[in-house]
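# An overview of the molecular structure
Chain by chain, the residues run as shown.
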Amino acid sequence: MAKNKIGLKLGLVILTAFAVVILLLGWTTNRMFTNFYTAEMRTEAEELTAHFAAMSESPELMSEEALLTFADFSNVRVLYVSRQGQIVAHSGPDEALDPMLVKSEELAPLFAGGKMEREYTDAKGERYYLAARAVLNKTGEPGQTAVYVLSSTRHMDESIAAVRRVLALAGAGAFLLALGITWIIAIRVSSPLLAMQAATRSMAAGDLETRLAVHGKDEMGALAESINHLAIGLQRYRDSRQEFFANISHELRTPIAYLEGYAEVLRKGLYESEAERDAYLDIVHEEAVRLQRLVDDLFELAKMEEGKISLSLEWIDLAELAQSAVQKIKLKADEKRLTLQTKLNSQVPLLYGDGLRMEQVLLNLLENAVRYTEKGSILVELDERPEYAFMAVEDTGIGIPEAELSNIFERFYRVEKSRSRQHGGTGLGLPLAKKLVELQGGQLLVFSQPGRGTRFEIRWAPERGEEQP
Ligand code: ADP
């Protein structure tokens, strides 16, 4: 039960509320019935007393004896009491009546024309309702006697007791029902919570395969669904982290192996000419540069993923930026005898972005274009369409198979590993470029046909440019 504390607490609260309601309801009903029976009885007794008093005022119509006999039939006891408090006549068995029945202090107001009523309990403990009135004489003044009517409360007490029994039974039944319902509710509420507790514990212990069954669309269902989403997210995070570390180690291992190998060769003087030595030194340098790039790119990506990168935004003239980037890549393009072309629409509005980052993206796209193109040309285009403005880098290179298009923006993904490595690629260029473009509110898209060429397009909403100074 200690495990099921929430169910217990909830159960206790519901049961207490139920008990309070049942008790209040029982108490009110009991009061209602008691008041009703008492009022009924009082009215009846008063009416009877008035009746007997009226009949006693006309002895010519009915004798005292006949009245007393009539009282027997009415299930009441009638007593005639003198002004001095003496019981002068009474109905019922001829026994001595309790002298305490008549209280001397009540006589004066009674014979002054008033009425009197109260409860009376006899020597045997039997309860009565007592009502009295003075019998008026011919002149309408209170005469020498008063009529006392004693009505037994037994019938009323029995009725009230019966009502109480029914109330107690109904109360006990309602309480048992409430107990049952509470138990069911408590189990229904606590069992999914306990399942969630168990699931989150096993997730914390590393079992991210755990899933909860989602029942219904209420808050519990929503919570279970959120926990499942959390588990899926954590699992994805763990898998990608593992993959990421595996990739990093792999990426680091190759240049380090080269550095080790060639450093060893140089240290042991295992070269035959100065030229050979310089070639080895060049390799060592290239690999060191690649390591540096890898570390820089990783650092950039990590910063971006943590949202820690700060952009210095300004109005950028993209035509100018494109010209400068083309200038920088010209040497590499010339080495491969590739033609560099530009088609720049100077009407394209300025872009509010980070100039250096945009150049970094463009250079990355241009380097890739040179890297994966053997002959033909590379075109840099800047233009706008009704819905967007764009800057594109198009090449006539090897292209990317359609099935690979969706993967090239993933970290360390390369279509052709060896070619990328051979040219110093890290497999981080495109993911970085995409993130940078998105950070500036744009989109990076790719269109490619294997064997014919690739086109990368940076698109942004032209509204951004409309606010320009
Ligand atoms: P890398 O450093 O390997 O170039 P990137 O992230 O820049 O890494 O690119 C990922 C992969 O996308 C590359 O390895 C290459 O296979 C493919 N790729 C990128 N640009 C081009 C292009 N212009 N033509 C053909 N393939 C490309």
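Only a predicted model underlies this, so the values are computations on that prediction, with no experimental measurement involved. The numbering scheme is per chain: residues are counted from 1 as the chain's sequence reads. Totals for whole chains, interfaces and linings use all residues, but because this is a predicted model, local features are given only for residues with pLDDT of at least 70 and pairs of side-chain atoms are given and counted only at 80 or more. The basis for the side-chain values is all heavy atoms of the structure; hydrogens and waters are excluded.

## Some remarks on the domain arrangement of the chain
We count it as follows: Marked domain ranges trace back to an automatic or database domain assignment.
We note that the domain assignment places domain 1 (5-158), domain 2 (219-305) and domain 3 (313-465) within the chain. Distance between the C-alpha centres of domain 1 and domain 2: 105 Å.

## Quick word on the sheet that holds strand S2 (residues 87-90)
The cut-off we apply is this: DSSP bridges decide pairing: two strands pair if at least two such bridges lie between them. Counting from the N terminus, the helices are DSSP H or I runs at least four residues long and the strands are E runs at least two residues long. The axes are straight lines fitted to the C-alpha atoms, using for helices just the contacting stretch, and the angles between their N-to-C directions are given from 0 to 180°.
An order of S2-S1-S5-S4-S3 is seen for the five strands of this open sheet, with the pairing classed as antiparallel. Of all the strands in the sheet, the pair left with one neighbour each is S2 and strand S3 (115-121). Neighbour-to-neighbour, the strand axes of this sheet turn through a mean angle of 25 degrees, independent of strand direction. For strand S1 (residues 76-82) and strand S5 (residues 142-152), the ladder comprises seven bridges, and the chain directions are antiparallel. Within S5, the position partnered with Val-76 by the bridge is Ser-151.

## What about the side chain of Thr-210?
Test applied: Each residue is assigned to one of three classes by its accessible area relative to the maximum for its type, calculated with a 1.4 Å probe on protein chains only: buried under 20%, partly exposed between the two thresholds, exposed over 50%. What qualifies as a polar contact is a pair of N or O atoms within 3.5 Å, subject to a donor-acceptor requirement within protein and to the restriction that residues adjacent in sequence count only when both atoms come from side chains. We call two residues contacting when some pair of their heavy atoms lies within 4.5 Å.
Counting through the fold element by element, Thr-210 comes out in the loop between helix H4 (154-204) and helix H5 (219-267). For Thr-210, a relative accessible area of 15% puts it in the buried group. Only 3.0 Å separates the side chain of Thr-210 from the side chain of Ser-202, close enough to count as a polar contact. Residues within four places of Thr-210 in sequence aside, it is in contact with Ala-199, Ser-202, Met-203 and Ala-231.

## Some thoughts on the confidence of the model for the chain
The following threshold applies: Each residue carries a pLDDT score, the predictor's confidence in it, ranging from 0 to 100.
On average, residues of the chain score 88 in pLDDT, and 96% of them are at 70 or above. Put simply, helix H11 (residues 463-466) is where the chain has its lowest mean pLDDT, 49, and strand S10 (residues 389-395) is where it has its highest, 97.

## Observations regarding empty space enclosed by the protein
Let me state the cut-off plainly: Cavities and pockets were defined on a 1 Å grid built from protein atoms only: a cavity is a group of points that admits a 1.4 Å probe but offers it no way out, a pocket is an open group of points flanked by protein on both sides within 12 Å along at least five of seven lines, and a lining residue is one with an atom within 4 Å of any such point. Grid points are joined across faces, edges and corners, and a volume is the space filled by probe spheres set on the points. Each residue gets one of three labels, nonpolar for Ala, Val, Leu, Ile, Met, Phe, Trp, Tyr, Cys and Pro, charged for Asp, Glu, Lys and Arg, and polar for the others, Gly among them.
Scanning all chains against the criterion turns up three cavities of 30 Å³ or more. The computed volume of the largest cavity comes to approximately 50 Å³. Lining the largest cavity we find Glu-46, Thr-49, Lys-115, Met-116, Glu-117, Ala-131, Ala-132 and Arg-133. Broken down by secondary-structure element, the contributors of at least two residues to the lining of the largest cavity are helix H1 (5-56), S3 and strand S4 (127-136). Taken together, the residues of the lining of the largest cavity break down into three nonpolar, one polar and four charged.

## Digging into the sheet that holds strand S12 (residues 453-460)
Pairing in this open sheet of five strands is mixed, and the strands run S7-S9-S10-S12-S11 from one edge to the other. A single partner strand is all that each edge strand has here, and the edge strands are strand S7 (339-344) and strand S11 (443-449). Taken over all neighbouring pairs, the strand axes of this sheet differ in orientation by 15 degrees on average, direction set aside. In terms of strand pairing, S11 meets S12 through seven bridges, oriented antiparallel. The residue of S12 that forms the bridge with Gln-443 is Arg-459. Contacting S7, strand S9 (377-384), S10 and S12, helix H7 (residues 318-335) runs over the sheet at an angle of about 175 degrees to S7. Running over the sheet, helix H8 (residues 355-371) touches S9, S10, S11 and S12 and is turned about 25 degrees from S10.

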